[in-house]
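Remarks on the overall topology
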Amino acid sequence: MKLPRITLSPRQVLDDIALCLIFFTRLPLPVLDFRGRSLAAAIWAAPIAGLAVGLIGAIVFATAERFGLAIGPSAALALVATVLTTGCLHEDGLSDVADGFGGGKSRGRKLEIMRDSRIGAYGAMALALSLLIRWSTLSELPDPTQALFALVAAHAASRGVLGAFMHLLPPARSDGLSADAGTVSLGTAIAGGVLGAIPLLLLGPGGAIAALVLLGLLFAAFHALCLNQIDGQTGDTIGALQQVSEIAVLLVASVALS
């Protein structure tokens, strides 16, 4: 079977990277003309945005440790840095999905709840558990270099799966972020997945394989869950997938690097 190819000019490559940095982070970047490039076409570059987020978290972790802070507070500050860098983009999706899937009785009601800006008990618990698990895994990595490897691998790989998710699942709504993003081609999805998987090598051969297996299982389970709950995907489900994928890689890293 011949794999699909994507051919991009150097300008398109730079535009796609910039588009993903602007969309996935709150970094103070200039307003650019993307010449009609869509998020769906640029999603292959999402792991690069994840790389930036992971590096920022690692720098904060190393700086805090350098000034004598214990590992726990250093890990907490690293998490604060990553959340501020993304503007809680994915955490918002996780909480909305938890509230919608947990509290809605019908497909329509679930989608309605997910669009509500208020947070419920399911969403609050999901956020609390996400932060707790991520903090506890980083706290198991006493060396700043290990934290760097874990954060870069987790943030890049967790965004590398987003293109495939958007390719395989149709938008659950006719409007909204996911519908507006456009259709992700198979070649773009594969490129993003490969780019996101490369940093997993920082976890060592065994860690990389374990992370890929766990990511694959989570992807399949979440794909089936979204089909069952809302017959597709939304921007919130994309954010929730990033969160559970980041957690999965950090869990593997806490074992592989400790």
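Bear in mind that the values here come from a model prediction, so they are computed numbers and not experimental data. (Residues numbered from 1 in each chain as written. Predicted model: local features only at pLDDT ≥ 70, side-chain atom pairs only at ≥ 80, totals over all residues. Heavy atoms only, no water.)

**Overview of the overall build of the chain**
- Along the backbone of the chain there are 13 helices and 0 strands.
- Counting from the amino terminus, helix and strand elements in the chain follow one another as α-α-α-α-α-α-α-α-α-α-α-α-α.
- Taken against the 2.2 N^0.38 rule, which gives 18 Å for 258 residues, the C-alpha radius of gyration of the chain at 18 Å falls within 12% of a compact globule.
- Dimensions of the chain, computed from C-alpha atoms along their principal axes, come out at roughly 50 × 45 × 40 Å. (Helix = DSSP H or I, 4+ residues; strand = E, 2+ residues; numbered from the N terminus. Rg over C-alpha atoms; globule rule 2.2 N^0.38 Å.)

**Some points on helix α5 (residues 89-103)**
- With 15 residues, α5 extends 21 Å from end C-alpha to end C-alpha; this agrees with the ideal 21 Å at 1.5 Å per step.
- In terms of burial, α5 is a largely internal element, 11 of the 15 residues being buried.
- Inspection of α5 places His90, Glu91, Gly93, Leu94, Ser95, Asp96, Val97, Ala98, Asp99, Gly100 and Phe101 among the buried residues, and these make up the whole buried set. (Expected span 1.5 Å × (residues − 1). Buried < 20%, exposed > 50% of the residue type's maximum accessible area, 1.4 Å probe, protein only.)

**Some words on the confidence of the model for the chain**
- Averaged over all residues, the pLDDT of the chain is 93; the fraction at 70 or higher stands at 97%.
- Taken element by element, the chain is modelled with least confidence in helix α10 (residues 177-181), mean pLDDT 72, and with most confidence in helix α12 (residues 204-230), mean pLDDT 98. (pLDDT = per-residue confidence, 0-100.)

**Here we look at unusual backbone geometry**
- Its identity is not glycine, yet Cys88 carries a phi of approximately 60 degrees, on the positive side.
- Looking at where Cys88 falls in the secondary structure, it is placed in the loop between α4 (71-86) and α5.
- Using a relative accessible area of 36% as the deciding quantity, one classes Cys88 as partly exposed.
- The phi angle at Asp231 is positive, at roughly 60 degrees, despite the residue not being glycine.
- Tracing the backbone through its elements, the reader meets Asp231 in the loop between α12 and α13 (235-256).
- According to the relative accessible area criterion, Asp231 is partly exposed, its value standing at 45%.

**A closer look at a nonpolar patch on the surface**
- Side chains of Leu186, Ile190, Val194, Ile198 and Leu201 sit close together on the surface and give an oily, nonpolar patch of about 440 Å² of accessible area.
- Secondary-structure assignment places Leu186 in helix α11 (residues 186-197).
- Residue classification places Leu186 among the partly exposed positions, given a relative accessible area of 39%. (Patch = residues over 30% accessible without salt bridge, like charges linked within 9 Å, V, L, I, M, F, W, Y side chains within 5 Å. Areas by Shrake-Rupley, 256 points an atom, 1.4 Å probe, with all protein chains shown as cover. Salt bridge = Lys/Arg side-chain N within 4 Å of Asp/Glu carboxyl O.)

**Examining the packing of aromatic side chains**
- Counted according to the given criterion, the structure contains 3 aromatic pairs.
- Each member of the aromatic cluster is reached from another via a ring pair, and the members are Phe165, Phe219 and Phe222. (Phe/Tyr/Trp six-rings, centres within 6.5 Å; stacked < 30°, edge-to-face > 60°.)

**Considering the environment of Leu200**
- Relative to the assigned elements, Leu200 resides in the loop between α11 and α12.
- Note on Leu200: relative accessible area 1%, which makes it buried.
- Once the C-alpha coordinates of Leu200 and Ala156 are considered, the two residues, 44 residues apart in sequence, prove to be 8.5 Å apart.
- Leaving out residues up to four positions away in the same chain, Leu200 has contacts with Ala153, Ala157, Ala208, Ala211, Leu212, Leu215 and Val249. (Contact = heavy atoms within 4.5 Å.)

**Here's the deal with the environment of Ala189**
- Positionally, Ala189 belongs in helix α11.
- When its relative accessible area of 6% is taken as the criterion, Ala189 is described as buried.
- Placed 56 residues apart in sequence, Ala189 and Ser245 show a C-alpha to C-alpha distance of 16 Å.
- What Ala189 contacts, discounting residues up to four positions off in sequence, is Gly163, Ala164, His167 and Val184.

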